[in-house]
Amino acid sequence: MTTPLTIEMDLVFTTPAFLGDAMQQAELRPQSFKGGLRFWYRAIDAQLAKPDDDVGNDNRKPHNKAREDTIWGGAGDNFGQSKVLLRIPNSKRPSLWKWDRHQFDRFTPGRGRNTRNGVLYLGYPFGLKGNQKRNALVQGTSFKLQAVIPRSGSLKEWEIHAIIASLWIFSVLGSCGTRSRRGFGSLQATNWRLLNPNGNRDWEEAFEALPMPSEMNQPDRWKDGIQKACGQFRDWFGRFPSNTAHPHIYEDFAPKILDGFPSWEEALNHAGSKMQAFRHRYQPDYDLVMDLLQHPAHGKTSPGRVTFGLPLTFRFGSRLSLIHIS
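Notes on the structure in this doc start here. Note that the structure is a prediction, hence the values are computed from the model and not measured. Per chain, the residues get numbers from 1 upward, laid out in the order the sequence is written. This being a predicted model, a pLDDT of at least 70 is required before a residue's local features are given, and a value of 80 or more before pairs of side-chain atoms are given or counted; all residues contribute to the totals for chains, interfaces and linings. Side-chain figures throughout are based on the complete set of non-hydrogen atoms in the structure, without hydrogens or water.

1. Digging into the overall build of the protein chain
Part 1: Starting at the N terminus, helices and strands are each numbered in turn, a helix being any DSSP run of H or I of at least four residues and a strand any DSSP run of E of at least two. Of the regular secondary structure elements, the protein chain holds 8 helices and 8 strands.
Part 2: Here the protein chain holds 326 residues, and 44% of them are scored as buried. In this scheme, a residue with accessible area under 20% of its type's maximum is buried, one over 50% is exposed, and one in between is partly exposed, where area comes from a 1.4 Å probe on protein chains only.

2. Regarding helix α6 (residues 219–237)
Part 1: One fewer than the residue count of a helix, multiplied by 1.5 Å, yields its expected span. For α6, spanning 19 residues, the distance from its first C-alpha to its last is 27 Å, which sits close to the expected 27 Å at 1.5 Å a residue.
Part 2: Of the positions making up α6, those classed as buried are Gly 225, Ile 226, Ala 229, Cys 230, Gln 232, Phe 233, Trp 236 and Phe 237. Axial view of α6: buried residues confined to an arc of 160°, hence all on one face. Turned more than 90 degrees from where α6 packs its buried face, Asp 220, Lys 228 and Asp 235 sit exposed.
Part 3: Phi for Gly 238, located one or two positions after α6, is positive at around 90°. As used here, the arc belongs to the directions running from the helix axis to the C-beta atoms.

3. Comments concerning the packing of aromatic side chains
Part 1: When two rings of Phe, Tyr or Trp (its six-membered ring) have centres within 6.5 Å they constitute a pair, described as stacked for plane angles under 30 degrees, edge-to-face for angles over 60, and tilted for the intermediate range. In total, this model carries 19 aromatic pairs according to the counting rule given.
Part 2: With centroids separated by 6.1 Å and ring planes inclined at 80°, the aromatic side chains of Phe 33 and Phe 170 adopt a geometry described as edge-to-face. Within this pair, whereas Phe 33 is found in helix α1 (residues 31–44), its partner Phe 170 is found in helix α4 (residues 157–173), the two being separated by 137 residues in sequence.
Part 3: Phe 170 sits in the buried class, given a relative accessible area of 1%.
Part 4: Taken together, Phe 18, Trp 97, Trp 99, Phe 104, Phe 126, Phe 184 and Trp 264 form an aromatic cluster joined through their ring pairs.
Part 5: In this arrangement the basic side chain of Arg 67 is found over the ring face of Trp 158, its NZ or CZ atom lying 4.0 Å from the centre. Each ring is checked for a lysine NZ or an arginine CZ that lies within 6 Å of its centre and within 35 degrees of its normal; such an atom marks a charge sitting over the ring.

Here it is as structure tokens:
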């Protein structure tokens, strides 16, 4: 019997991670990472942006959905279980952390309507009613994540590239859990290795084409490593069309490196304060939404700041009005 091939990653949470079971009690589970891997796969495989009529399969699924489900699993003919099985081996019960807004009071300058607090801004749901008993994996939690590929010898070249690329970009830029796009649950890869007992050269070559996370241990090396990897993704998957709608790593993508911070709290406060200031009466958005209230039929353009995420609520005390934009 052929021994499965495994890619093993050493990961650490650099901020508290709010992920867990149905009772919202934090724990490490392989299921918590599947959605993140799908997200980053969509962000790097330009073939997903091909027109839907370029099917390339006999199961009546659009090309992009068929390609994604081939790797990560899906319902319907010719699909089923993912080609990648996730495991967290020998994980001891991690330490837990609870949200307490008062521990961030030191980041609150100003008074009244001019109050600012970046951490509370990013993590506001954790202080809402019903979340008092919720906990998170503490910052600094380290663990191993294994991606087991049982039928590694039968995969096509593009499938090998898709799996390795998704795992790499997720481990370097990824996050998971509630508010993961607001800084919580951020991951850092300290190393990764290919456990290839059958000596499959196709996997070796693809694995060696990407930078080793253990060597991306300085800001410049980290930035260079990401840019090198993105160049390799373009060689493997092509370039995204300029009109691609879903989130993706476009051609001019480059990470922004800020000055270092002594703690994760200070880093999130800096990022949250920047975002909060950006959203406060930002022009031309303020006038655009006010004009929408006055002339509803002309509201065809969303404000730029909704790019940050979910639908945004605008409140206008002078007009006793509230409007949601998405």
